[in-house]
Amino acid sequence: RPSDDAILVFAEGYDLSIYLAFIESLISTGYSGDVVLSISSEEKLKPDVKEYLQSKNSETGGVNIVAYEVNWTCFKRSGEAASGSNEGINHCKMNNAFGDADGSPISDPREPRPVATARYELYWMWSLQYDKESWLMLIDARDVWFQ
């Protein structure tokens, strides 16, 4: 929905309660644009998150959820491999987020970095899907309550 407004959200690893507070408070404002989420890979999603996000789409009216699973390769500060970002402490590279001129995936060309930094690359990639007249908001889901 390139002509719609969108809220771009980094929301990985959260319990359903975080998604509920964010999305339901947003719905209560009357917002009807897109909510573009970076979520954990399906096997790492917390219980009921997938089903809840799938229940919110443009066919039912109101907000439209667009969810991207982002896979990371993360490292501890010592350089050894780590399982996940560890709430931003570990530095990570995005898997399969970049491509060459032919559209074939290439390795993340940047050094491992905190996901709190890398999320802005996701926001930029997603913003390219919207018209220049669309309003975009960049936000984290954990500490937001819409009124």
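Right above here is the structure, for reference.
Residues numbered from 1 in each chain as written. Predicted model: local features only at pLDDT ≥ 70, side-chain atom pairs only at ≥ 80, totals over all residues. Heavy atoms only, no water.

Participant: Kindly report on helix 3 (residues 115-127), identifying the contributing residues and their values.
Facilitator: With 13 residues, helix 3 extends 18 Å between its outermost C-alpha atoms, agreeing within 8% with the 18 Å of an ideal straight helix rising 1.5 Å per residue. Within helix 3 the residues assigned to the buried category are Val115, Ala118, Arg119, Glu121, Leu122, Tyr123, Met125 and Trp126. (Helix = DSSP H or I, 4+ residues; strand = E, 2+ residues; numbered from the N terminus. Expected span 1.5 Å × (residues − 1). Buried < 20%, exposed > 50% of the residue type's maximum accessible area, 1.4 Å probe, protein only.)

Participant: How would you sum up the state of the cysteines? Please name residues and give values.
Facilitator: By definition, a disulfide links the sulfur atoms of two cysteines through a covalent bond. Applying the stated criterion to the full structure yields one disulfide. Note on cysteine connectivity: Cys74 is disulfide-linked to Cys92, with sulfurs 2.1 Å apart. Of note, the bridge from Cys74 to Cys92 carries an S-S torsion of about 105 degrees and is right-handed in sense. Within this pair, whereas Cys74 is found in strand 4 (residues 71-75), its partner Cys92 is found in strand 6 (residues 91-95), the two being separated by 18 residues in sequence. Exposure remark for Cys92: the relative accessible area of 0% places this residue in the buried category. (Disulfide = S-S within 2.5 Å.)

Participant: Any chance you could break down the side chain of Glu12 for me, citing the residues and the numbers?
Facilitator: Topologically, Glu12 is positioned in the loop between strand 1 (6-10) and helix 1 (16-27). Of note is the side chain of Glu12, whose polar atom sits 2.5 Å from the side chain of Ser38. There is a polar contact of 3.0 Å between the side chain of Glu12 and the side chain of Trp72. For Glu12, the residues in contact, after removing those within four places along its chain, are Tyr19, Ser38, Ile39, Ser40, Val70 and Trp72. (Polar contact = N/O pair within 3.5 Å; in protein donor to acceptor, adjacent residues only side chain to side chain. Contact = heavy atoms within 4.5 Å.)

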